[in-house]
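Coordinate inspection notes
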Amino acid sequence: SVEDIASPKKTKELMQKFGFTLKKSLGQNFLIDYNILHKIVSAADLTPQKGALEIGPGIGALTQQLGKAAGRVVAIEIDQRLLPMLEETLSPYPHTTVVHGDVLKVDLKELFEQHFQGVSQVSVVANLPYYVTTPIIMKLLEEKLPLENIVVMIQKEVADRMAAKPGGKDYGSLSIAVQYYCIPEVVTIVPRTVFIPQPNVDSAVIRLKVRQTPPVDVEDEAFFFDVVQASFVQRRKTIYNNLAAKYFTKETKSELEVILQQSGIDPSRRGETLSMEEYAVLSRNLARALS
Ligand code: SAM
């Protein structure tokens, strides 16, 4: 059997052997704890019939476990210096491919066609580089890739925002965007000690179960997200003030009051109290009034 990469000893050994120095600017915090990896991989519900897409394999600690659990693994890594290490650490897993590139620039649809033909389901499984967490998640969701789950280690604070329900300070446009596409669930909170080097924020593993169909009917998705964004521009202001600033003039503002009333929304409420369903109704009525 092959030795696990995820231990402090093995990680240091490998980095020394290849003369590798960590780059903070690329969010390189490597996992050195097998138990956490096991929790991540279990949450993804992989089988030998399924595929896994990893973003940022690092030296391969998680990739190795994905190689054991999934029938097909593709890992996108931006740091060229890691490629020779990955070639060595992943050599026992021939159904695992490393693609060199920036995940934000890679054509993922094409990558899926190239690498995931014949697998029943694909999940994204990753310990994400924290400086680009939100752009990566939004890219995965907006491209509507055929994904089953997205299981990722991210900053705890971002996980809380993704999973937040209406009414609290964590609830905002990110919560609504993520929950429009997925059902989020925080799998576990992760201490800083499981990484080399230790990050200066707390982390969490979140599972986003990708929905087959959206939970609300918005008619125009782009406009719906526009309305949501606008409603949170100034969190302390009312929904009326935020939307008036974005879509109306002094002269037309009174229309907005009518639209809000029609939508069953008190104009004095704040954006953070509206449910996704209320945003859906509101954006449909607003679109009609503005067209
Ligand atoms: N998966 C490894 C682990 O868990 O130990 C490494 C995780 S580390 C937090 C993030 C990894 O993402 C690093 O290997 C880094 O080089 C890579 N990375 C950073 N930005 C990236 C990008 N835009 N596209 C692809 N990989 C990136």
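Residues numbered from 1 in each chain as written. Predicted model: local features only at pLDDT ≥ 70, side-chain atom pairs only at ≥ 80, totals over all residues.

If you check an unreviewed UniProt entry, the chain appears there as Ribosomal RNA small subunit methyltransferase A from Paenibacillus naphthalenovorans. In its Catalytic activity (unreviewed entry) section, UniProt records this for the chain: "adenosine(1518)/adenosine(1519) in 16S rRNA + 4 S-adenosyl-L-methionine = N(6)-dimethyladenosine(1518)/N(6)-dimethyladenosine(1519) in 16S rRNA + 4 S-adenosyl-L-homocysteine + 4 H(+)". The record in UniProt for the chain states the following under Subcellular location (unreviewed entry): "Cytoplasm". (UniProt positions renumbered as here; feature names shortened; annotations may be inferred.)

**Examining the UniProt feature "binding site: S-adenosyl-L-methionine" (unreviewed entry) in the chain**
With numbering matched to this structure, UniProt assigns "binding site: S-adenosyl-L-methionine" (unreviewed entry) to Asn29, Leu31, Gly56, Glu77, Asp102 and Asn127. With respect to the helices and strands, the residue Glu77 is situated in strand β3 (residues 72–77). With respect to the element layout, Asn127 can be found in strand β5 (residues 122–127). Once residues within four sequence positions are removed from consideration, Asn127 is found in contact with Leu31, Gly56, Leu62 and Met153. (Helix = DSSP H or I, 4+ residues; strand = E, 2+ residues; numbered from the N terminus. Contact = placed C-beta atoms within 7 Å.)

**A closer look at unusual backbone geometry**
With an omega dihedral of -15°, the bond running from Ile196 to Pro197 counts as a cis peptide bond. Within the secondary structure layout, Pro197 lies in the loop between β8 (195–196) and β9 (203–210). Phi is positive for Asp45, which is not a glycine, with a value near 60°. By secondary structure assignment, the location of Asp45 is in the loop between α2 (34–44) and β2 (51–55). Residues other than glycine seldom take positive phi values, yet Lys144 does so here, at roughly 50°.

**Points about the nonpolar core**
Formed by 79 residues in total, the largest nonpolar core has its most connected members in Leu31, Ile40, Val124, Val125, Ile150, Val152 and Ile206. No other element matches α2, which puts six residues into this core. Sequence-distant contacts of Ile40, defined by excluding residues within four places in its chain, comprise Leu62, Val125, Val151, Met153 and Val205. (Core = buried A, V, L, I, M, F, W, Y, C linked by C-beta atoms within 7 Å. Buried ≥ 20, exposed ≤ 12 C-beta atoms within 10 Å, placed from the backbone.)

**Some remarks on the sheet that holds β5**
Overall, mixed pairing links the seven strands, which are arranged β4-β3-β2-β5-β6-β9-β7 in an open sheet. Across the chains shown, the open sheet's two edge strands, defined by having one partner strand only, are β4 (96–100) and β7 (182–190). Strand after strand, the sheet turns through a mean of 20° between neighbouring axes, direction not considered. By the bridge criterion, eight bridges tie β7 to β9 in an arrangement that is antiparallel. The residue of β9 that forms the bridge with Pro184 is Leu208. On the sheet, α2 packs against β2, β5, β6 (149–155), β7 and β9 and is oriented at approximately 150° with respect to β6. Lying over the sheet, helix α7 (residues 156–163) contacts β6, β7 and β9, oriented at roughly 30° with respect to β9. (Pairing = 2+ DSSP bridges. Axes fitted to C-alpha atoms, helices over the stretch in contact; angles between N-to-C directions.)

**Here's the deal with the site of the ligand**
Around the ligand sit 22 residues, and of these Phe30, Gly56, Gly58, Asn127 and Pro129 come closest. Breaking the shell around the ligand down by element, the ones donating at least two residues are β1 (30–31), α3 (61–69) and β3. When the residues that make up the shell around the ligand are grouped by side-chain class, the tally is 13 nonpolar, six polar and three charged. (Near = placed C-beta within 6 Å. Nonpolar A, V, L, I, M, F, W, Y, C, P; charged D, E, K, R; others polar.)

**Thoughts on helix α8 (residues 173–181)**
Counting buried residues along α8, seven of its nine residues qualify, which places the element largely inside the surrounding structure. Its buried side turned inward, α8 meets α6 (133–142), α7, β7, β9, α9 (221–231) and α12 (276–290).

**Remarks on the environment of Asn149**
Mapping Asn149 onto the fold places it in strand β6. Among the residues examined, Asn149 registers 23 C-beta atoms within 10 Å and is labelled buried. Distance from Asn149 to Lys9, taken between C-alpha atoms, is 31 Å for residues 140 residues apart in sequence. For Asn149, the residues in contact, after removing those within four places along its chain, are Ala44, Asp45, Ser123, Arg207, Leu208, Lys209 and Val210.

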